[in-house]
Amino acid sequence: MTQTAHGVEFTQQLSATPTPAEERAAILAAPGFGNYFTDHTAIVDYSVDLEGKGGWHDARVEAYGPISLDPSAAVLHYGQEIFEGLKAYRHADGSIWTFRPEANAARMNQSARRLALPEIPEDYFLGAIRQLVSVDKEWVPSGDGEALYLRPFMIATEAFLGVRAAREVSFRVIASPAGNYFGGELKPVSIWISREYARAGRGGTGAAKCGGNYAASLIAQQEAEAHGCKQVLFLDHFNDNAVEELGGMNVFFVMKDGSLATPALTGTILEGVTRSSVMQVARDMGRAVAERKITLDEWRDGVVSGDIAEVFACGTAAVITPIGVLKDNTEFIGSEDAKAGETTMAIRATLLGIQTGTVEDTHGWLTRLA
Ligand SMILES: Cc1ncc(COP(=O)(O)O)c(C=O)c1O
């Protein structure tokens, strides 16, 4: 069967063994994050022909399952891989929507340029998401704070060990029902300062969403967990310990005067879709927002003096999470008894409300998927 989504034709070969409804219901009752996957996947392949021209082809939806790759496939050796993350939300009337998917498509293509991968036309990116969600719509949870997490990714599939950009590539989307990222109620989290490890360096791949950045961050995340922290903070050690971002989230400060500040994009920080949405929501509330350099010293001194009233992290997976404590062996900034700040919670409520259809979408951020 052929279906059209966003002007692109996708063939469909549906799963012969979809998850039984009772099993799916049991999964949706407590999905956690990243544990379970829906019955299908959307795929578009790319190859460069002998004249050196490249093209996307074979757009299709098929049963979710293992990928067959040649052991010499470039992605397995040189990590030529990028990914994205966004969510599909079920609204009260049963309709399914996603949030600013064009921004994810644009960011995927920025990452593609950095990793010498082919750019994927927005129609394919959005078409793949729409196709997958329409086929697997029963998997979109409806509980508070729940959504279907969508993971588009692109891998270099060419069987070749030379170090050059691969000529065969596959773009895929998988989907995973998601509950509250950090589990349980919304409590301020503790963050560990990474002193030894950097996530990114100037001219490196920091602003790209490529697997290698995350591989490089795992040792610091392990260190954080060993110290009872949920996430790790990366600093620019060569620039006055300027605050960069967490392992998977951007950081915001609410100042005493009600304005917000967030680290400016320097090429080493991921340009979060939530980050840009938080800035807009805050400005809509009449608050000033500064993108600037914020050092660890300013964070510590600001919390002590009261110039910094609230600190929070933001990203697609956990939306907005208050930060209670920032620490390492020499620092302890904040308090373990901290409560979520009022501004943090107000911005969170607005953003979640827009995503889930209970607050008016004045910026046209939502796209209906099913
Ligand atoms: C390193 C990093 N920073 C920030 C973010 C937040 O980005 P977004 O709001 O687009 O999810 C993410 C999550 O994807 C991330 O992995």
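Residues numbered from 1 in each chain as written. Predicted model: local features only at pLDDT ≥ 70, side-chain atom pairs only at ≥ 80, totals over all residues. Heavy atoms only, no water.

Draft legend 1. Molecular detail of the overall build of the chain. Of regular secondary structure, the chain possesses eight helices and 19 strands. Compactness check: the chain gives a C-alpha radius of gyration of 21 Å against a globular reference of 21 Å for 370 residues, within 12% of the reference. Overall size of the chain, expressed as C-alpha extent along the three principal axes, is 65 × 50 × 35 Å. Within the span of the chain, comprising 370 residues, buried residues form 51% of the whole. Within the chain, contacts between residues separated by at least 24 positions form 70% of all contacts whose residues are at least 6 apart in sequence. Per element, the accessible surface of the chain, about 16,200 Å² overall, is 50% carbon and sulfur. Separation of charge centres in the chain, based on 32 positive and 47 negative side chains, amounts to 2 Å. (Helix = DSSP H or I, 4+ residues; strand = E, 2+ residues; numbered from the N terminus. Rg over C-alpha atoms; globule rule 2.2 N^0.38 Å. Buried < 20%, exposed > 50% of the residue type's maximum accessible area, 1.4 Å probe, protein only. Contact = heavy atoms within 4.5 Å. Areas by Shrake-Rupley, 256 points an atom, 1.4 Å probe, with all protein chains shown as cover. Lys, Arg positive; Asp, Glu negative; His and termini not counted. Charge placed at Lys NZ, Arg CZ, Asp CG, Glu CD.)

Draft legend 2. Spatial organisation of the site of the ligand. Neighbouring the ligand are 17 residues, the closest being Lys209, Tyr214, Glu245, Thr274 and Thr316. Tyr214 is positioned with one of its side-chain polar atoms (N or O) 2.5 Å from an oxygen atom of the ligand. A distance of 2.6 Å is found between an oxygen atom of the ligand and a side-chain nitrogen or oxygen belonging to Thr316. Going through the elements one at a time, β12 (242-246), α6 (273-284) and β16 (308-315) are the ones with two or more residues in the shell around the ligand. Across the shell around the ligand, the residue classes break down as six nonpolar, seven polar and four charged. (Near = heavy atom within 4 Å. Polar contact = N/O pair within 3.5 Å; in protein donor to acceptor, adjacent residues only side chain to side chain. Nonpolar A, V, L, I, M, F, W, Y, C, P; charged D, E, K, R; others polar.)

Draft legend 3. Structural view of the packing of aromatic side chains. A full pass over the atoms with the stated rule returns eight aromatic pairs. Look at Phe33 and Tyr149: their rings are 5.0 Å apart centre to centre, the planes differ by 65 degrees, and that puts the pair in the edge-to-face class. Within this pair, whereas Phe33 is found in the loop between α1 (21-29) and β3 (40-48), its partner Tyr149 is found in strand β8 (residues 147-156), the two being separated by 116 residues in sequence. (Phe/Tyr/Trp six-rings, centres within 6.5 Å; stacked < 30°, edge-to-face > 60°.)

Draft legend 4. Representation of helix α8 (residues 342-356). Spanning 15 residues, α8 covers 21 Å between terminal C-alpha atoms, matching the ideal 21 Å at 1.5 Å per step. Residues Thr343, Thr344, Ile347, Arg348, Leu351, Leu352, Gly353, Ile354 and Gln355 constitute the buried set of α8. Count one or two residues on from α8 and you reach Gly357, which has phi positive near 85 degrees. (Expected span 1.5 Å × (residues − 1).)

Draft legend 5. Spatial organisation of the pattern of salt bridges. Here the structure, examined in full by the defined rule, presents 16 salt bridges. One salt bridge in this structure joins Glu62 and Arg60, with 3.1 Å as the shortest N-O distance. In this structure, the salt-bridge partner of Asp301 is Arg300, at a minimum N-O distance of 3.4 Å. Given a relative accessible area of 44%, Asp301 falls into the partly exposed group. Given the relative accessible area of 24%, Arg300 is considered partly exposed. Where salt bridges share partners, they join Arg195, Asp297, Arg300, Asp301, Asp328 and Glu331 into one cluster. (Salt bridge = Lys/Arg side-chain N within 4 Å of Asp/Glu carboxyl O.)

Draft legend 6. Expanded view of the packing of α6 against α8. Running from amino to carboxyl end, α6 crosses α8 at an angle of 110 degrees, the nearest separation of the two axes being 10 Å. In terms of orientation, α6 and α8 fall into the roughly perpendicular class. α6 and α8 meet at a crossing whose hand is right-handed. Residues Thr274, Ser277, Val278, Val281 and Ala282 of α6 touch α8, and the partners they reach there are Ile347, Thr350 and Leu351. Here the residues of the contact of α6 with α8 are counted per class, giving five nonpolar, three polar and no charged. (Axes fitted to C-alpha atoms, helices over the stretch in contact; angles between N-to-C directions. Parallel < 35°, antiparallel > 145°, perpendicular 65-115°, else oblique. Left-handed = near helix turned anticlockwise from the far one by under 90°.)

Draft legend 7. Layout of a nonpolar patch on the surface. On the surface, Tyr78, Leu161 and Val163 cluster together to form a nonpolar patch covering roughly 330 Å² of accessible area. Within the secondary structure layout, Val163 lies in the loop between β8 and β9 (168-178). Residue classification places Val163 among the exposed residues on the basis of a relative accessible area of 72%. (Patch = residues over 30% accessible without salt bridge, like charges linked within 9 Å, V, L, I, M, F, W, Y side chains within 5 Å.)

Draft legend 8. Here's a closer look at the domain arrangement of the chain. You can read the domains of the chain as domain 1 (2-178) and domain 2 (189-356). Placing a centre on the C-alpha atoms of domain 1 and another on those of domain 2 gives a separation of 28 Å. Tallying the contact residues gives 20 residues for domain 1 and 21 residues for domain 2. When the two sides are added together, the surface that domain 1 and domain 2 hide from each other amounts to roughly 1,800 Å², 58% of it contributed by carbon and sulfur. For the pair domain 1 and domain 2, the interface holds zero salt bridges. Along the contact surface separating domain 1 from domain 2 lie twelve residue pairs in polar contact (both at pLDDT 80 or more). Those elements giving two or more residues to the side of domain 1 that touches domain 2 turn out to be β5 (81-83), β6 (86-90) and α3 (101-114). Examining the composition of the side of domain 1 that touches domain 2, we find that six residues originate from one element, α3, more than from any other. (Domains from an automatic or database assignment. Buried area = accessible area lost by both parts, 1.4 Å probe.)

Draft legend 9. Up close: the packing of α3 against helix α4 (residues 122-135). Put simply, α3 and α4 touch, their axes get as near as 10 Å, and they point 125 degrees apart. It follows from the interaxial angle that α3 and α4 lie oblique. For the pair α3 and α4, the crossing hand works out as right-handed. Along the contact surface, α3 presents Pro101, Glu102, Asn104, Ala105 and Met108, while α4 presents Glu122, Phe125 and Leu126.

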